[in-house]
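Chain by chain, the residues:
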Amino acid sequence: MLENRHILLIVSGGIAAVKVPDLIRRLRERGAMVRCILTKAGEQFVTPMSLAALSGEKVFQDLFSLTDENDMGHINLSREADIILVAPATANIMAKMAYGIADDLATTALLAADKTVMIAPSMNVMMWNHAATQSNLKTLQDRGIEVVGPGAGDLACGEIGDGRMAEVAGLVSALSTFFQTRKESGPLSGCSALVTSGPTHEPIDPVRYIANRSSGKQGHAIAAALARLGAKVTLVTGPTQEPNPSGVTVVAVETAQQMLGACIATKQTDVAVCAAAVSDWRVAQASDAKLKKVSGDPPPALRLKENPDILATLSQAKTNRPRLVVGFAAETENVIKNGTAKRAKKGCDWIVANDVSAGFGADTNTVHVITGQGSDSWPTLSKKAVAELLALQIARHIKQTL
Ligand code: PMT
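Everything in this summary refers to the structure shown in the same document. Predicted model only: the values in this text are computed from it and were never measured.

Cut-off values and rules
- Residues numbered from 1 in each chain as written.
- Predicted model: local features only at pLDDT ≥ 70, side-chain atom pairs only at ≥ 80, totals over all residues.
- Heavy atoms only, no water.
- Core = buried A, V, L, I, M, F, W, Y, C linked by side-chain atoms within 4.5 Å.
- Buried < 20%, exposed > 50% of the residue type's maximum accessible area, 1.4 Å probe, protein only.
- Helix = DSSP H or I, 4+ residues; strand = E, 2+ residues; numbered from the N terminus.
- Contact = heavy atoms within 4.5 Å.
- Expected span 1.5 Å × (residues − 1).
- Axes fitted to C-alpha atoms, helices over the stretch in contact; angles between N-to-C directions.
- Parallel < 35°, antiparallel > 145°, perpendicular 65-115°, else oblique.
- Left-handed = near helix turned anticlockwise from the far one by under 90°.
- Nonpolar A, V, L, I, M, F, W, Y, C, P; charged D, E, K, R; others polar.
- Pairing = 2+ DSSP bridges.
- Phe/Tyr/Trp six-rings, centres within 6.5 Å; stacked < 30°, edge-to-face > 60°.
- Lys NZ or Arg CZ within 6 Å of the ring centre and 35° of its normal.
- Near = heavy atom within 4 Å.
- Polar contact = N/O pair within 3.5 Å; in protein donor to acceptor, adjacent residues only side chain to side chain.
- Areas by Shrake-Rupley, 256 points an atom, 1.4 Å probe, with all protein chains shown as cover.
- 1 Å grid on protein atoms, 1.4 Å probe; cavity = no way out; pocket = protein on both sides within 12 Å on 5 of 7 lines; lining within 4 Å.
- Sits in = over half its atoms within 2 Å of the grid points.
- Salt bridge = Lys/Arg side-chain N within 4 Å of Asp/Glu carboxyl O.
- Points joined across faces, edges and corners; volume = space filled by probe spheres on them.

**Observations concerning the nonpolar core**
So, point 1. Residues Ile 222, Leu 226, Val 233, Val 273 and Ile 394 are the most contacted members of the largest nonpolar core, which totals 33 residues.
So, point 2. Of all the secondary structure elements, the ones that give two or more residues to this core are β8 (192-197), α10 (217-228), β11 (232-237), β13 (271-274), β16 (324-331), β17 (350-355), β19 (367-371) and α14 (383-400).
So, point 3. Counting residues per element, this core draws most heavily on α14, which supplies seven residues.
So, point 4. Contact partners of Val 233, with chain neighbours within four places excluded, come to Ala 193, Val 195, Ala 223, Leu 226, Ala 227, Val 248 and Thr 249.

Structure representation (structure tokens):
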């Protein structure tokens, strides 16, 4: 399972870092390629020289090293990995991850990560049980970060309890299981998917834009759910505050035209899910300079122009049409009727009609999945649950139509 897998191993500063050389040995014996980032505190427990000798790779330490940034910047370190393992994960690095602090190479690479992140916590029992650590742990787990251990027993500090980093064999087995279950055995393994999410921003001038209240929660959750089922997912997203889902390639755009360009640039996919709230119009001639308010003058009139319809473009493509195109319909009345009409108009296979009268951005959604066979109304669910169920329905459909 580990043959030819690229593992980015982040070593933070805990006594369990002394187990890392053995971990690298065991991973390499199984054919994995290991590249290490060593934090300043980690260097107190294990030397860069030993990690480099065992991994056969340069060890990365400095966020501001010009040569490293040229060779292999903090972005590329995660892009070139299949998974990121933080071992040991101290209370400190877990807190930084939970809050998105990026003050060294390790935490910056973690914030820029587009891959699954696995952590192996290691610390004193009181630190582990502290409400702050437990709350950070929950935040990380909610974001889909995998947690291995810790185990209980004698701790290096002399106390007894939870906080021992998982044993090397346990970490090797967790990584093997990850590759076995997530990538190769998921019902969507071998499939690719394109998901759009979030709002678009259509410029009026350099400082103003037309937008909507989409948070990206629904689209991002769908991208994450499809990836969890093994699909290779590209998420094209407008500006949102949502974290990048792990294991997903994210393309950030601002306008509808850029979103269409990014969707077309994505190689043909098996599935497309358009959950973005794309602005129907843009300002026909956005100003290059900030529009000035001149007292006494009437406010400027904005002439709008229709934006391209991404869902219709993908649905009606003569070549390379995805096998399954799923659109969303944001409605405030006659939800099923309007959703059904939208499905026909756009030419997509399914439409997920949702009542948005309560506003975008909520954590829950009430949807009706409209297919060629009719409509299926789901109860109000969290957006994550809607995403999981939709991904499973997509997986079933793809399997049936193979
Ligand atoms: O982001 P959240 O806060 O979690 O909210 C989720 C959501 C309400 C935005 C989402 O569930 C949703 O309904 N997305 C579609 C919003 C929308 O633009 O609906 P629409 O009925 O206007 O468009 C119908 C479909 O055409 C959608 O799939 C949309 O992505 C697509 N479209 C619309 C216009 C356009 N120019 N290009 C498009 O592709």
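**Considerations on helix α8 (residues 131-142)**
So, point 1. If you check α8, its first and last C-alpha atoms are 16 Å apart, about what twelve residues at 1.5 Å a residue would give, namely 16 Å.
So, point 2. Turning to α8, the residues buried within the fold contact α5 (91-99), β4 (117-121), α7 (125-129) and β5 (146-147).

**A short note on the packing of α10 against α14**
So, point 1. Remark: α10 packs on α14, axes separated minimally by 8 Å, with the N-to-C direction vectors making an angle of 45°. One finds that α10 runs oblique with respect to α14. In this structure, the crossing between α10 and α14 has a hand that is right-handed. In contact with Lys 217, Gln 218, Ala 221, Ile 222, Ala 225, Leu 226 and Arg 228 of α10, α14 contributes Lys 383, Lys 384, Val 386, Ala 387, Glu 388, Leu 390, Ala 391 and Ile 394.
So, point 2. For the contact of α10 with α14, the residue count by class is nine nonpolar, one polar and five charged.

**Re the pairing of β19**
So, point 1. Within β19, five of the five residues are buried, which leaves the element mostly enclosed by the surrounding structure.
So, point 2. Of the two faces of β19, the one carrying Val 367, Val 369 and Thr 371 and the one carrying His 368 and Ile 370 are both buried.
So, point 3. As defined by bridge partners, β17 adjoins β19 across four bridges and the pair is classed as antiparallel. Bridging from a neighbouring strand, Val 352 pairs with Val 369 of β19.
So, point 4. Bridge count for β19 against strand β20 (residues 374-377) is four bridges, and the pairing is antiparallel. Its bridge partner being in β20, Val 369 is matched across the sheet by Asp 376.
So, point 5. Once β19 ends, the chain turns through two residues before running back antiparallel as β20.

**Examining the packing of aromatic side chains**
So, point 1. Tallied over the entire structure, the rule returns one aromatic pair.
So, point 2. Ring plane angle 75° and centroid distance 5.0 Å describe the contact between Phe 178 and Phe 179, whose orientation is recorded as edge-to-face.
So, point 3. Overall, Phe 179 belongs to the buried group, its relative accessible area being 0%.
So, point 4. A cation over an aromatic ring shows up here: Lys 58 above the ring of Phe 60, its NZ or CZ 5.6 Å from the ring centre.

**Let's talk about the site of the ligand**
So, point 1. The environment of the ligand is formed by 28 residues, the closest being Ser 214, Ser 215, Ala 276, Lys 342 and Asn 354.
So, point 2. The contact in question runs from a nitrogen atom of the ligand to an N or O atom on the backbone of Ile 310, over 3.1 Å.
So, point 3. Between the ligand and the protein, one listed contact pairs an oxygen atom with a backbone N or O atom of Ala 330 at 3.0 Å.
So, point 4. A total of 770 Å² of accessible area belongs to the ligand in isolation, and the protein chains cover 95% of it.
So, point 5. Assessed atom by atom at 2 Å from the grid points, the ligand resides in the second largest pocket.
So, point 6. Put simply, the parts of the chain that give the shell around the ligand at least two residues each are α10, α12 (310-315), β16 and α13 (335-346).
So, point 7. Counting residues per element, the shell around the ligand draws most heavily on β16, at four residues.
So, point 8. Of the residues contributing to the shell around the ligand, the split by class is 13 nonpolar, nine polar and six charged.

**Some details on the pattern of salt bridges**
So, point 1. Applying the stated criterion across every chain, the model contains 17 salt bridges.
So, point 2. Here Arg 26 and Asp 22 are joined by a salt bridge, their closest N and O atoms 2.9 Å apart. With Arg 26 and Asp 22 both in helix α1 (residues 20-29) and four residues apart, the pair spans about one turn of that helix.
So, point 3. Overall, Arg 26 belongs to the partly exposed group, its relative accessible area being 27%.
So, point 4. In this structure, Asp 363 and Lys 217 form a salt bridge, with 2.8 Å as the shortest nitrogen-oxygen distance. Taken together, the residues Asp 363 in the loop between β17 and β18 (364-365) and Lys 217 in helix α10 connect sequence positions 146 residues apart.

**Topic: empty space enclosed by the protein**
So, point 1. Taken as a whole, this structure holds one cavity of 30 Å³ or more when the rule is applied.
So, point 2. Volume-wise, the largest cavity comes out at about 70 Å³.
So, point 3. For the largest cavity, the full set of lining residues is His 6, Ile 7, Leu 8, Met 33, Val 34, Arg 35, Glu 57, Leu 77, Glu 80 and Ala 81.
So, point 4. Among the secondary structure elements, those contributing two or more residues to the lining of the largest cavity are β1 (6-11) and β2 (33-38).
So, point 5. When the residues that make up the lining of the largest cavity are grouped by side-chain class, the tally is six nonpolar, one polar and three charged.

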